[in-house]
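Structural overview for review
Spelled out from the first residue to the last, the chains are:
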Amino acid sequence: MRLPITVILSCLVAFSQTAPRLIHGIAIDAATHAPIADAWVNAGGEIVKTSTNGEFQVKTGATSIDLRARVYNRVTVPAADEMRVPLPSLRIRGLYMSFWAVSSQTMRAGIFETAAKAHLNAVVIDVKGDMGLVGFRTSIPLVAKAGANRVITIPDAPSLIVGLHQRGLYAIARIVTFKDSPLASARPDLAVKMADGSLFADNEHLHWTDPFSQAVWDYNIQIAVAAAKAGFDEVEFDYVRFPDHPGLQFSKESNEANRRQAISGFLTQAQKALNPYNVFLSADIFGYVAWNLNDTGIGQYLEEVAKVVDYISLMLYPSGFRYGIPGLRNPLDDPYRIVHTSLEKAKQRTGSSGVLLRPWLQAFADYAFDHRQFGKPQLSQQIKAAEDAGTDGWLLWNPRNTYPTQTLAELASELWWKEPSQAARH
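So, a few notes on the structure that sits alongside this text. (Residues numbered from 1 in each chain as written. Predicted model: local features only at pLDDT ≥ 70, side-chain atom pairs only at ≥ 80, totals over all residues. Heavy atoms only, no water.)

1. So, the sheet that holds strand S4 (residues 55-60)
Strand order in the open sheet made by the 3 strands is S4-S1-S7, with mixed pairing throughout. Two strands lie at the open edges of the sheet, namely S4 and strand S7 (82-87), each paired on one side alone. The sheet shows a mean angle of 30° between the axes of neighbouring strands, direction not considered. Both strand S1 (residues 21-29) and S4 contribute to a ladder of 6 bridges, which runs antiparallel. The residue bridging Gly25 from the neighbouring strand is Phe56, located in S4. (Pairing = 2+ DSSP bridges. Helix = DSSP H or I, 4+ residues; strand = E, 2+ residues; numbered from the N terminus. Axes fitted to C-alpha atoms, helices over the stretch in contact; angles between N-to-C directions.)

2. Some words on the packing of aromatic side chains
Counted by the stated rule, this structure contains 18 aromatic pairs. An angle of 90° between the planes, with centres 6.1 Å apart, marks the rings of Phe212 and Phe250 as edge-to-face. Pair noted here: Phe212 is in the loop between helix H5 (181-186) and helix H6 (214-230) and Phe250 is in the loop between strand S11 (234-238) and helix H7 (256-274), with a separation of 38 residues, a long-range link. Judged by its relative accessible area of 17%, Phe250 is buried. Geometrically, the ring pair formed by Tyr288 and Tyr323 is tilted, given 6.5 Å between the ring centres and 40° between the ring planes. (Phe/Tyr/Trp six-rings, centres within 6.5 Å; stacked < 30°, edge-to-face > 60°. Buried < 20%, exposed > 50% of the residue type's maximum accessible area, 1.4 Å probe, protein only.)

3. Remarks on the sheet that holds strand S5 (residues 64-68)
An order of S3-S2-S5-S6 is seen for the 4 strands of this open sheet, with the pairing classed as antiparallel. Strands with a single pairing partner mark the edges of an open sheet, and in this sheet they are strand S3 (46-49) and strand S6 (75-78). Averaged over all pairs of adjacent strands, the angle between strand axes in this sheet comes to 25°, irrespective of strand direction.

4. Describing unusual backbone geometry
In this structure, Asp38 takes a positive phi of about 65° despite not being glycine. Considering the arrangement of structural elements, one finds Asp38 in the loop between S1 and strand S2 (40-43). The class of Asp38 is partly exposed, set by a relative accessible area of 43%. Backbone geometry at Val71 places phi at a positive 65°, although glycine is not the residue there. With respect to the helices and strands, Val71 occurs in the loop between S5 and S6.

5. So, the pattern of salt bridges
Tallied over the full model, the rule gives 25 salt bridges. Here Arg91 ties to Glu387 by a salt bridge, and the two come within 3.0 Å at their closest N and O atoms. Separated by 296 residues along the polypeptide, Arg91 in the loop between S7 and strand S8 (92-97) and Glu387 in helix H10 (residues 376-388) bring together distant segments of the chain. With a shortest N-O distance of 2.7 Å, Arg174 and Asp126 are connected by a salt bridge. With Arg174 in strand S10 (residues 170-176) and Asp126 in strand S9 (residues 122-128), the pair connects residues that are 48 residues apart, well separated along the chain. Beyond isolated ion pairs, a larger network of salt bridges with shared partners links Asp126, Asp130, Arg174, Lys179, Glu204 and Asp238. (Salt bridge = Lys/Arg side-chain N within 4 Å of Asp/Glu carboxyl O.)

6. Points about the nonpolar core
Phe237, Leu267 and Ile312 are the most contacted members of the largest nonpolar core, which has 115 residues in total. Top contributing element to this core by residue count: H6, with 11 residues. The residues contacting Phe237, other than those within four sequence positions of it, are Ile175, Thr177, Asn220, Ala224, Phe266, Leu267, Ala270, Leu281, Ser282, Ala283 and Asp284. Ranked by size, the runner-up nonpolar core spans 18 residues in total, among them Val41, Leu67, Ala79 and Val85. (Core = buried A, V, L, I, M, F, W, Y, C linked by side-chain atoms within 4.5 Å. Contact = heavy atoms within 4.5 Å.)

7. Overview of the side chain of Ser98
With respect to the helices, strands and loops of the structure, Ser98 is situated in the loop between S8 and helix H2 (105-117). Owing to a relative accessible area of 10%, Ser98 belongs among the buried residues under this scheme. Within the structure, Ser98 has its side chain in polar contact with the backbone nitrogen of Ala101 (distance 3.1 Å). Apart from residues no more than four positions distant in its own chain, Ser98 is found in contact with Asp126, Pro399 and Asn401. (Polar contact = N/O pair within 3.5 Å; in protein donor to acceptor, adjacent residues only side chain to side chain.)

Written out as structure tokens, the structure reads:
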């Protein structure tokens, strides 16, 4: 049977549009036109990084190419034989939005108002929260088996992301990783256990899953990929660690070498799975990890995590430094020093200029010392410390999602919002 000439021509055109060709390009700063080294380039599944002079070369039939780099926003551009791809700079300053807050129109509105008035440009949203619940619908079988979808707080994730982007907000999907009561209860074979074989429960009476388990890795990575497909700009793994409790039973011996390999191995697999979606990868780690030269007993070793992720969010809450730091017994006396010195330690150990680091800062009342409120002086000191350290911005944590709008608006004009050209943009 002979095909009509129009069909043949259509096939030839389609073939010419998808036939692999050699593409040469350079990633540049949109404002300065300086080359950007070490940027990720994804061309139809072929993933490379730019050289020290910002250049890349791929052979692909893709019609578009994705790029991203630290302190820049991710972009998707049409493919061409010769390309100069400008990336807009983006320094994150954001707020946490909990699993329950994202479902509340009132709480969302409050956070959006604070972000607008204080010139903030990001929100961190629980897609898998501290209770192990997954707030948006997925087709992942184990999510259904664990009952993790029994409460839906994000009924339409793509629409949520579109709305955030329209507000100029960068969207970070927080995934609480190994603390996971629903999965541990549904699959006891994947759970962390006590010496007598019963399920371990932490101080919040929540169960944990085994960080050595490939099935647990796959479960969390599948949720991360679903978040990337929904449109989130970044996936942030929290509780990406072992529980800090003695005498627990895992599927492997819990020695430092094994723990470190488990955490870095999980993050490496997550990075490979997420790379095709051109999303950033970050990890939340304990503040003391910047100071400790071991894995802090939980598998978090700073240099190894730094090799894998785009951003490290050290939790530098002064209240979390119960034992102080050298020369400062009570962290509440000098929040600036806690944040700045910890970041400088982390920069020295990772060889980073600071752009790898984006700390969590304390926007809630003290719980460890004198229970003082954290108002403008404490917020100002922490934020100034992060700014002075040259980090990729910072994130504010308040579990109740109540942020001092007027205080942050005042601090914006003092610390990070000097003129319109400096406004962070999506």
